[in-house]
Amino acid sequence: MQSFLSSSLFPPAAAKLVASVSVAAGTGARNSGGAVIAVVPRRSAAGGGGRCVAYASSSSPAVNTAEAGVVVPATMKAWAYDDYGDASVLRLDEAVAVPAVGEDQVLVRVAAAALNPVDSKRRAGKFKATDSPLPTVPGYDVAGVVVKIGSKVKSIKEGDEVYGNINEKALEGPKQSGSLAEYTAVEEKLLALKPKNLDFAQAAGLPLAIETAHEGLERAGFSAGKSILVLGGAGGVGSLAIQLAKHVFGASKVAATASTPKLELLKSLGADVAIDYTKENFDEQPEKYDVVFDAVGNKLSLAAERPTKQQTPSASPDNASSFWGSGQGEKAVKVVKEGGSVVVLTGAVTPPGFRFVVTSDGSVLQKLNPYLESGKVKPLVDTKGPFAFSQTVEAFSYLETGRATGKVIISPIP
Ligand SMILES: NC(=O)c1ccc[n+]([C@@H]2O[C@H](COP(=O)([O-])OP(=O)(O)OC[C@H]3O[C@@H](n4cnc5c(N)ncnc54)[C@H](OP(=O)(O)O)[C@@H]3O)[C@@H](O)[C@H]2O)c1
């Protein structure tokens, strides 16, 4: 088995870095790769306001790391793969080099990570032309504690509890050393302080999905008083698109689709109308919307191609083949008002629909923190999880059924 220690891209330069760390209540000290991590008193995390700018006012100097006595080891446990393929290519590596920290980055001791479909598509080699070189430690979403800061980091300090999507552009050179590891190095601008009311597992599920929901709504020109149909309302992105549309943007009406057992959930998230896609074709309804937010893509066909309203085997929500396929945006454009927008997250696009790839931005998280801290917007963690770090392959397999409700979380790490 190849160890990342042999990769020049993973130099063991972080050996014996000494840093401070705060530990969430109940988590206790963690032993990382054999190194003892001493626990220092929790430092308060200032909140509110814009991205890192908001807590720039928190100008207390970094903890004297030598005094703090917290040792960041040279190597860490991480999930990795050396070749593209299905979930079986994943292996737990006990000796991956802890990533070096760039001048604009911080090193995060990972407490929890979340899985996203993009992790699976990347691992399958769907965008290998723009991927970073193998081997890869996967993982975009992270929540954890800052244990080291780069020389140009201004607003985040050691001990801060943060969360974020570590890859600014999801498909363009995502980091070789991701969040399914004990440590990950992240640009300051991609992180925000963790909402105080959320634990690490809850926070880890938010970044990529909520940034996608927010960016999609903004790009669609969504605003107060407009109506929206969210396709895939029970998924990681859809569950947040419903909540942001209703509770942040001020939608006049939110409709959303899911299978029968998830209709009440859609309502609880803020949907005024819950459409059971196993029983009715949303595109055959007379109602039209200002915006259609398509977080399903080809999975639309599961119901829409059925000859009757009765569920057939090919229409079964247990059929996961659609997880990987291309889109059927023409169904979505049928239900948008003239002059409206159709946001497409995956698959083919039919005009006037448009597709975008999310940009990670800590300022978006910071802007949304008050809604999260007030409970107006809630993280939705799939109840099959959180999965233990050792169960990451099972967690990926579950995500890839396409049936997850909200986010699939890996916690604690390790
Ligand atoms: N462009 C971007 O920047 C971007 C960003 C994020 C995600 N994405 C893509 O967007 C898609 C959704 O991501 P995600 O994280 O939300 O996925 P996810 O959490 O895995 O979505 C799972 C959900 O999809 C629902 N679903 C499946 N088929 C459906 C159908 N025909 N109609 C309605 N709901 C259906 C399932 O509900 P049921 O069990 O009820 O079917 C399940 O709750 C993925 O393809 C992902 O790669 C793109």
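Keep in mind the model is a prediction, meaning the values are calculated, not measured. (Residues numbered from 1 in each chain as written. Predicted model: local features only at pLDDT ≥ 70, side-chain atom pairs only at ≥ 80, totals over all residues.)

## Some remarks on the overall build of the chain
Argument step 1. Looking only at helices and strands, the chain features eleven helices and 18 strands.
Argument step 2. The 414 residues of the chain split such that 54% are buried.
Argument step 3. Taking the intrachain contacts of the chain between residues at least 6 apart in sequence as the baseline, contacts between residues at least 24 apart amount to 75%. (Helix = DSSP H or I, 4+ residues; strand = E, 2+ residues; numbered from the N terminus. Buried ≥ 20, exposed ≤ 12 C-beta atoms within 10 Å, placed from the backbone. Contact = placed C-beta atoms within 7 Å.)

## Let's talk about the nonpolar core
One recurring pattern in soluble globular proteins is that nonpolar side chains are buried together.
Argument step 1. Ranked by internal contacts, the top residues of the largest apolar core, which has 112 residues, are Ala204 and Ala241.
Argument step 2. A total of nine residues in this core trace back to one element, the largest contributor, which is strand S7 (residues 105–115).
Argument step 3. Two domains each provide a minimum of three residues to this core, namely domain 1 (4–206 + 381–410) and domain 2 (209–355).
Argument step 4. Excluding residues within four positions of it along the chain, Ala204 makes contact with Ala112, Ala113, Ala114, Asp141, Val142, Ala143, Tyr163, Ile409 and Ser411. (Core = buried A, V, L, I, M, F, W, Y, C linked by C-beta atoms within 7 Å. Domains from an automatic or database assignment.)

## As for helix H5 (residues 207–219)
Argument step 1. Compared with an ideal rise of 1.5 Å per residue, which puts 13 residues at 18 Å, H5 spans 18 Å between its outermost C-alpha atoms and is within 8% of the ideal.
Argument step 2. With ten of 13 residues buried, H5 is to be regarded as a mostly interior element.
Argument step 3. Within H5, the full set of buried residues consists of Pro207, Leu208, Ala209, Ile210, Glu211, Thr212, Ala213, His214, Gly216 and Leu217.
Argument step 4. Where H5 is buried, its residues contact strand S8 (141–149), strand S9 (161–165), helix H6 (236–248), strand S15 (289–294), strand S16 (336–344) and helix H10 (362–373). (Expected span 1.5 Å × (residues − 1).)

## Focus: the packing of H5 against H6
Argument step 1. Where H5 meets H6, the axes come as close as 8 Å, and the angle between the chain directions of the two elements is 50°. Taken together, the axis directions place H5 and H6 in an arrangement best described as oblique. Helix-helix and strand crossings are classified by hand; for H5 and H6 the assignment is right-handed. Here H5 contributes Ala209, Ile210, Thr212, Ala213, His214, Gly216 and Leu217 to the contact with H6, which in turn contributes Gly236, Val237, Leu240, Ala241, Leu244 and Ala245.
Argument step 2. Of the residues assigned to the contact of H5 with H6, the class counts are nine nonpolar, four polar and no charged. (Axes fitted to C-alpha atoms, helices over the stretch in contact; angles between N-to-C directions. Parallel < 35°, antiparallel > 145°, perpendicular 65-115°, else oblique. Left-handed = near helix turned anticlockwise from the far one by under 90°. Nonpolar A, V, L, I, M, F, W, Y, C, P; charged D, E, K, R; others polar.)

## Quick look at the pairing of S16
Argument step 1. Bridge count for S15 against S16 is five bridges, and the pairing is parallel. Bridge pairing in S16 places Val292 opposite Val342. (Pairing = 2+ DSSP bridges.)

## Some points on the sheet that holds strand S17 (residues 353–355)
Argument step 1. With parallel pairing, six strands are arranged side by side in an open sheet as S14-S13-S12-S15-S16-S17. Edge positions in the open sheet fall to strand S14 (273–276) and S17, since each of these has one partner strand only. The average angle at which neighbouring strand axes cross in this sheet is 20°, direction not considered.
Argument step 2. Both S16 and S17 contribute to a ladder of three bridges, which runs parallel. If you follow Val344 over to S17, its bridge partner there is Arg355.
Argument step 3. Packed on one face of the sheet, H6 meets strand S12 (227–231), strand S13 (253–258) and S15 and runs near 170° to S13.

## Here's the deal with the confidence of the model for the chain
Argument step 1. Considering every residue of the chain, the mean pLDDT works out to 82; 76% of them sit at 70 or more.
Argument step 2. Element-level mean pLDDT values for the chain span from 21 in helix H1 (residues 51–54) up to 99 in S9.
Argument step 3. Note on residues 1–68: pLDDT under 50 across the span, and 148 contacts to partners over four residues away in sequence or across chains.
Argument step 4. Considering only residues more than four positions removed or in separate chains, one finds that residues 300–322, a stretch of pLDDT under 50, has 34 contacts. (pLDDT = per-residue confidence, 0-100.)

## Concerning the pairing of S8
Argument step 1. With nine of nine residues buried, S8 lies mostly within the body of the structure.
Argument step 2. Here S7 pairs with S8 via eight bridges, running antiparallel. Paired with Val110 across the two strands is Gly144, which belongs to S8.

## With respect to unusual backbone geometry
Argument step 1. Cis geometry is found at the peptide bond from Gly385 to Pro386, where omega equals -5°.
Argument step 2. Within the secondary structure layout, Pro386 lies in the loop between H10 and helix H11 (392–399).
Argument step 3. The omega torsion of the bond from Ile413 to Pro414 falls at -5°, within 30 degrees of zero and hence cis.
Argument step 4. By the element assignment, Pro414 lies in the segment after strand S18 (408–410).

## Some words on the packing of H5 against H10
The description of two packed helices rests on the angle between their axes and on the distance between the axes.
Argument step 1. Two numbers describe how H5 lies on H10: the axes approach to 10 Å, and their chain directions differ by 90°. What the angle tells us is that H5 and H10 run roughly perpendicular. Taken together, the residues of H10 that come into contact with H5 (itself represented by Pro207, Ile210, Glu211 and His214) are Val364, Leu365 and Leu368.
Argument step 2. Residues belonging to the contact of H5 with H10 are distributed by class as follows: five nonpolar, one polar and one charged.

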